[in-house]
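# Chains, contacts and geometry: an overview
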Amino acid sequence: MLRNHGVLIAAVLMCFARSVPAKPTVGFQAVDCAGTYPHHLQGICTDGESTLFWSFTTQLVKTDRYGTVIKKVPVGNHHGDLCYHDGRVYVAVNFGRFNDPQGNADSWVYVYDADDLSLIEKHETQQVVYGAGGIAYHKGKFLVVGGLPAGIEENYVYEFDAEFRFQKKHVLNSGQTHLGIQTSTFANGQWYFGCYGRPAILLVADESLKQVTRYDFDGSLGMAPIANDRLLVARGFCTKEAGCTGRTVSAVPDDKRGLVIEESPAVSFTEQTDTEQTDTEQPNRLLVHIGDTPVAEYVFQHKQVLRPYFRHLRTLSGVRVTRNDPPIAGVDLDDHPTYHPGLWMAFGDLDGADFWRNKARVVHSRFIEQPRGDAGRGSFAAENVYRADGKDICTEECRIAIEVVPQGYLLKWTSTFRPSGDEFAFGDQEEMGLGVRVATPLAVKKGGQILNSDDRKNEKEAWGRQADWCTYGGTIDGHPCGVALMPHPDNFRRSWFHARDYGLLLANPFGRNAFTQGEPSRVVVKRGEPLTLRFGVLVYDAPAGDPIDIAAAYRAYVGE
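Residues numbered from 1 in each chain as written. Predicted model: local features only at pLDDT ≥ 70, side-chain atom pairs only at ≥ 80, totals over all residues. Heavy atoms only, no water.

## Points about the pairing of strand β20 (residues 243–254)
Within β20, nine of the 12 residues are buried, which leaves the element mostly enclosed by the surrounding structure. In this structure, strand β19 (residues 231–239) lies alongside β20, joined through nine bridges in antiparallel fashion. What sits directly across from F237, in β20, is T245. If you look at the hairpin formed by β19 and β20, you'll find three residues sitting between the two strands. Taken together, β20 and the strand that follows it, strand β21 (residues 258–263), pair antiparallel across an intervening segment of three residues. (Buried < 20%, exposed > 50% of the residue type's maximum accessible area, 1.4 Å probe, protein only. Helix = DSSP H or I, 4+ residues; strand = E, 2+ residues; numbered from the N terminus. Pairing = 2+ DSSP bridges.)

## Topic: unusual backbone geometry
Glycine aside, negative phi is the norm for most residues, and most peptide bonds take the trans geometry. Residues R198 and P199 are joined by a peptide bond in cis, for which omega reads 5°. Its location among the elements puts P199 in the loop between β15 (190–196) and β16 (201–206). Residues D325 and P326 are joined by a peptide bond in cis, for which omega reads 0°. Of note, P326 is situated in the loop between β25 (309–311) and β26 (343–347). Although it is not a glycine, D455 adopts a positive phi angle of roughly 65°. Topologically, D455 is positioned in the loop between β33 (449–452) and α1 (458–462). For N458, which is not glycine, the phi torsion reads 60° and is therefore positive.

## Comments concerning the sheet that holds strand β3 (residues 51–55)
Strand order in the open sheet made by the four strands is β2-β3-β4-β5, with antiparallel pairing throughout. Since the sheet does not close on itself, it has two edges, and those belong to β2 (43–46) and β5 (69–74), each with one partner. Strand-to-strand, the axes of this sheet are offset by a mean angle of 15°, without reference to chain direction. Where β3 lies against strand β4 (residues 59–64), five bridges are found, and the strand directions are antiparallel. By the bridge assignment for β4, L52 is matched with T63. (Axes fitted to C-alpha atoms, helices over the stretch in contact; angles between N-to-C directions.)

## A word on the nonpolar core
Counting 67 residues, the largest nonpolar core has F310, L343, F347 and F426 as its most contacted members. Membership of the second largest hydrophobic core comes to 17 residues, among which are A92, F142, Y156 and F164. (Core = buried A, V, L, I, M, F, W, Y, C linked by side-chain atoms within 4.5 Å.)

## Here's the deal with the environment of A187
Inspection of the secondary structure puts A187 in strand β14 (residues 178–187). A relative accessible area of 4% means that A187 is categorised as buried. As a C-alpha pair, A187 and T275 span 88 residues in sequence and 55 Å in three-dimensional space. The contact partners of A187, leaving out residues within four places of it in the chain, are Y192, P225 and L231. (Contact = heavy atoms within 4.5 Å.)

## A look at the confidence of the model for the chain
Summing up the model confidence of the chain, the mean pLDDT is 92 and the portion of residues at 70 or higher is 94%. Note that residues 1–19 has pLDDT below 50 and, in this model, 54 contacts with residues that lie over four places away or in other chains. Under a pLDDT of 50 for its full length, residues 21–26 has, in the predicted model, 12 contacts with residues more than four places off or in other chains. (pLDDT = per-residue confidence, 0-100.)

## What to know about the packing of aromatic side chains
The tally for this structure, following the rule as stated, stands at 34 aromatic pairs. With centroids separated by 5.7 Å and ring planes inclined at 80°, the aromatic side chains of F347 and F417 adopt a geometry described as edge-to-face. Of this pair, F347 sits in strand β26 while F417 sits in strand β30 (residues 408–419), and the two are 70 residues apart along the sequence. Residue F347 is classed as buried on the basis of its relative accessible area of 0%. Between F347 and F426 the ring centres are 5.0 Å apart and the planes differ by 65°, which places this aromatic pair in the edge-to-face class. With F347 in strand β26 and F426 in strand β31 (residues 423–426), this residue pair connects regions lying 79 residues apart in the sequence. (Phe/Tyr/Trp six-rings, centres within 6.5 Å; stacked < 30°, edge-to-face > 60°.)

## Re the pattern of salt bridges
Overall, the coordinates contain 26 salt bridges when judged by the stated rule. Linking R165 and D161 is a salt bridge whose minimum nitrogen-to-oxygen distance equals 2.8 Å. The closest approach of N and O atoms between D455 and K457, which form a salt bridge, is 3.5 Å. With a relative accessible area of 32%, K457 lands in the partly exposed category. Each of R285, E297, R311 and D325 takes part in salt bridges that share partners, so that together they form one network. (Salt bridge = Lys/Arg side-chain N within 4 Å of Asp/Glu carboxyl O.)

## Section: the state of the cysteines
Within the structure shown, the criterion is met by one disulfide. Here C238 connects covalently by a disulfide to C244, the sulfurs 2.0 Å from one another. On the sign convention where negative means left-handed, the S-S torsion of about 115° between C238 and C244 marks this disulfide as right-handed. Among the residues examined, C238 registers a relative accessible area of 36% and is labelled partly exposed. Distance from the sulfur of C45, which forms no disulfide, to the nearest cysteine sulfur (C83) is 6.6 Å. For C45, a relative accessible area of 5% puts it in the buried group. (Disulfide = S-S within 2.5 Å.)

## Describing the side chain of T58
You can see T58 is positioned in the loop between β3 and β4. Once you skip the residues sitting within four places of it in the chain, T58 turns out to touch H39, V73, P74, V75 and N77.

## Brief notes about the sheet that holds β14
Read from one edge of the open sheet, four strands run β14-β15-β16-β17, paired in antiparallel fashion. Since the sheet does not close on itself, it has two edges, and those belong to β14 and β17 (212–216), each with one partner. Strand-to-strand twist of the sheet, defined as the mean angle between neighbouring strand axes without regard to direction, takes the value 25°. Bridge analysis of β14 against β15 gives six bridges, and the strand direction is antiparallel. Among the inter-strand pairings, H178 is bridged to a residue of β15, identified as Y196.

## A closer look at the side chain of K62
With respect to the element layout, K62 can be found in strand β4. Although K62 is buried, it forms no salt bridge, and the closest oppositely charged side chain is D115 at an N-O distance of 4.4 Å. Residues contacting K62, with those up to four places away along its chain left out, are T51, L52, F53, T68, V69, I70, K71, A114, D115 and L117. (Lys, Arg positive; Asp, Glu negative; His and termini not counted.)

## With respect to helix α3 (residues 550–558)
Every buried residue of α3 is accounted for by I550, A552, A553, Y554 and Y557. Tucked inside the fold, the buried residues of α3 contact β4, β30, β35 (470–476), β36 (479–487) and β40 (531–541). For α3, the capping residue at the N-terminal end is D549, with a side-chain oxygen 3.3 Å from the backbone nitrogen of A551. (Polar contact = N/O pair within 3.5 Å; in protein donor to acceptor, adjacent residues only side chain to side chain.)

Listed below in structure tokens is the structure:
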């Protein structure tokens, strides 16, 4: 049997540079722009604080730093690369022909309000005779770049002052680049110019534009400086059926390569055997790593906990956010030691059997998809059998996917239930659904906080309330961190939250009577009509003063 299923694969699209491991950073990171668009991505920029701007040729899009769309407006074809300055977004625009030796371009710069993307003004830049494609701002001047006919062994950069009065045409001794320069930005004391081609070309020039170095690297869909000397580099993909998408990756300067893509840390799995937890010598758990950090253990066979579960969940920085399993006397709040082992799915009434309190067993039957890892993501799928008094009640196909996201990592849990006979039923209790027991320092009793999507706090306000999401967090050794449960809106019913100040949080779509005193719920699952439950579990941490945006993580999860 394979003991390590980790696969480390660099996922770099249209890029000829090597990759380096990414470090967790605050602020702008690799994200997907939500939605699809009729035409391909032309450029990106940021406001330097919290917002991204994307140009999709005929649509201008504003998102938060997690890729959630705030505003989008239709624009004329062809809007190209863009830059941000002083509350405005500047876009290089051409309504004529690109790369025409006769110079039949119609070049402009369109200026949009960064708040609502309304058009403020237009500036002719007809000096860009082969078609304006990109723009950048630095120290009171704008540089506009654009197309180029075949056979020309240099590139041209057009300088304008802050009022778009033409100042100078700069000649870059770059050699021939396919279709000229498409994107530009100033970062780390240098100019970066992205060019189409196979391979794509990156030109890096000093501030005076006199010294130019040429690299094989694709920056042709947009580049924007971010913190820690990094740049966001845009990537895009189009199909006739689905349209076009955009995303960003993070890159760092490199003397030999120009820029090097920072690869998301790899998710990997290792099988292990804990002889204190199992009577066999076969593996009974998966160790989950993201990069070098152990972030969880998936225990699929245990002597006391009679169901599969995750334990010892940790953030990407290594802070453990679930309670010790088993609880440590004198350290932990040690109630319900086997009912609340970490992160689990269980039901107090499933066809009359009590799987929550370990009075019936969930048997791990097999892995129907072996654990596999990749850069920034990993997954596995298991088949479980719910068995009580020697009788099989139902089977569960449990699919787990783990994905590195800007806020930390997201564990996506999808369980599909099918009856072993003709039918079975979920009953109505508080203890039904997906639960987590947080680390003792995060409990409200120890200074932590429960908060739901309706801004209700702690057990007094959040218990028994339906919500889009609910988070349980606090500070451990100076690290703000926590766990958020996010039931998917495709579930058969919105979840109530069984939220307790001693450290329990449970998303429960079954407990109508338990939480509201309303009509008891009985959810029947018949042969040929499976029931699927989906949940997102966000494990997050952040430096003090930079709160995590749980709502953005939820929107990204449900928008997948």
